[in-house]
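Inside the fold
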Amino acid sequence: MQEDARNPKRKVYIDASIFVRIQQGEQDAFQELYDITYKPLYAFLLSHTLNQEDAQDLLQDTYIQVYKNCHLYREQGNPMAWMMKIAKNLFLMKCRKNKETEDRFEDMEGRMGFEDMSHVENRLVLEKMFEYLSTEDRNMIIMHDIGGLKHREIAKLLDMPLGTVMARYHRGIRKLQKEFGEKL
């Protein structure tokens, strides 16, 4: 497991063989997968739930599902996209079960939960993203810049046209640039 050498702070490389190792009961392999994926998965879930506790619960549920279903991963495609799809499906099931989708964006202050992030500047930018961007634009940026997914992978994950994904991503970046007066 290693981060992308071209941009070490952005993309996460996951060797797909890790799922075979996990399936064979190698605990170190599961810990290795967790260590390199928990931050982007947590950010992805937090962008949906806007609640630290819900994001942590869903993160735990996501890893349980990954562990139980690692034999279902097929080597074509991005392992991170597969894991994010599991996370998204768990989030949607929770929303349907609780029927709280309309209320989940109310009273956001104090519930973001970024204190676990080590780099203060990254945490501040993410907190501002939550304030200034629409949910869709925010999710595109998080999936691309934190999760390391390519635009076409995001389009497939969200079942959206590639052009729409790219437009929302770039619109969000432009809005952040306008809001903060700097190139991101």
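Everything here concerns the structure above.
Report on the accompanying structure. (Residues numbered from 1 in each chain as written. Predicted model: local features only at pLDDT ≥ 70, side-chain atom pairs only at ≥ 80, totals over all residues. Heavy atoms only, no water.)

As a further point, take the environment of Asn 51. As for its placement among the helices and strands, Asn 51 is situated in the loop between α2 (27-49) and α3 (52-69). A polar side-chain atom of Asn 51 sits 3.0 Å from the main-chain amide nitrogen of Glu 53. (Helix = DSSP H or I, 4+ residues; strand = E, 2+ residues; numbered from the N terminus. Polar contact = N/O pair within 3.5 Å; in protein donor to acceptor, adjacent residues only side chain to side chain.)

With that out of the way, let us pick up the packing of aromatic side chains. If you walk through the whole model with that rule in mind, you get seven aromatic pairs. Ring plane angle 65 degrees and centroid distance 5.3 Å describe the contact between Tyr 73 and Trp 82, whose orientation is recorded as edge-to-face. By the burial criterion, Tyr 73 is buried, and Trp 82 matches it. Each residue in the set Phe 30, Tyr 34, Tyr 38, Tyr 63 and Tyr 67 is aromatic and connected to the rest through ring pairs, giving one cluster. (Phe/Tyr/Trp six-rings, centres within 6.5 Å; stacked < 30°, edge-to-face > 60°. Buried < 20%, exposed > 50% of the residue type's maximum accessible area, 1.4 Å probe, protein only.)

Moving on, we come to the pattern of salt bridges. Scanning all chains against the criterion turns up four salt bridges. For Arg 21, the salt bridge goes to Glu 32, with nearest N and O atoms at 3.2 Å. Residue Arg 21 is found in helix α1 (residues 18-23), and its partner Glu 32 is found in helix α2; the two are separated by eleven residues along the sequence. For Arg 21, a relative accessible area of 23% translates into the label partly exposed. Relative accessible area serves as the criterion here: at 26%, Glu 32 is assigned to the partly exposed category. When the shortest N-O distance is used, the salt bridge between Arg 171 and Asp 137 registers 2.8 Å. In this pair, Arg 171 is assigned in helix α8 (residues 162-180) and Asp 137 in helix α6 (residues 135-146), connecting sequence segments 34 residues apart. A single salt-bridge network, built from bridges that share partners, covers Arg 21, Glu 26 and Glu 32. (Salt bridge = Lys/Arg side-chain N within 4 Å of Asp/Glu carboxyl O.)

On their own, these measurements won't tell you what the molecule is for.
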